[in-house]
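Secondary and tertiary structure notes
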Amino acid sequence: MEIYLTRIAKRKTYTIGKLFIAEEEKPVYFCDTLEPTWRDYKKGEKKIWGLSAIPEGRYAVVISYSPRMRKWLPILLGVPNFKGIRIHAGNTAKDTEGCILLGENRRVGMVLNSTYWVNRLKEKIVAAKERGEAVWITVR
């Protein structure tokens, strides 16, 4: 299963994106995303812990237990210079700490109904894994 995160609004304190899932041929819009501030690492901008969006790239996704959140959540593997990047619920950039939040971008700088969208994505990832498929996310 392929997941695509396309960043559409790179603001001073947050980044809004659109998440697409390609379970068959064509990627289909799934929900909106919220991340911390995007930084242009290719031009030498520096990561600030908890306040920086991850670099563009393609990452494996698995579901593992998060002791901090006390639940099973998707985690991105192999993100350069980042550890523990999860896809989880939250509403504002303060909730991200570098991770990707899912929801509906109905208010400026926020996502709503986040828990619903995270649960739906987890169901899709689990189903893909049960079919023996690898799950990848491409962030662009």
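A brief look at the structure comes next. (Residues numbered from 1 in each chain as written. Predicted model: local features only at pLDDT ≥ 70, side-chain atom pairs only at ≥ 80, totals over all residues. Heavy atoms only, no water.)

**Remarks on the nonpolar core**
Ranked by internal contacts, the top residues of the largest apolar core, which has 26 residues, are Leu19, Ile54, Leu76, Leu102, Leu121 and Ile137. Among the secondary structure elements, those contributing two or more residues to this core are β1 (2–10), β2 (15–22), β3 (28–35), β4 (57–66), β5 (71–77), β7 (100–103), α1 (114–130) and β8 (136–139). Counting residues per element, this core draws most heavily on α1, at 5 residues. In this structure Ile54 touches Arg7, Glu35, Tyr41, Tyr59, Leu76, Val79, Phe82, Ile85, Gly98, Ile100 and Val139, once residues within four positions along its chain are discounted. Core analysis: the second largest hydrophobic core is formed by 7 residues, Ala9, Tyr14, Ile16 and Leu101 among them. (Core = buried A, V, L, I, M, F, W, Y, C linked by side-chain atoms within 4.5 Å. Buried < 20%, exposed > 50% of the residue type's maximum accessible area, 1.4 Å probe, protein only. Helix = DSSP H or I, 4+ residues; strand = E, 2+ residues; numbered from the N terminus. Contact = heavy atoms within 4.5 Å.)

**Some remarks on the sheet that holds β5**
Overall, mixed pairing links the 8 strands, which are arranged β5-β4-β8-β1-β2-β3-β7-β6 in an open sheet. With partners counted over all chains shown, the strands left at the sheet margins are β5 and β6 (87–88), one partner each. (Pairing = 2+ DSSP bridges.)

This is a description of form; function is not addressed.
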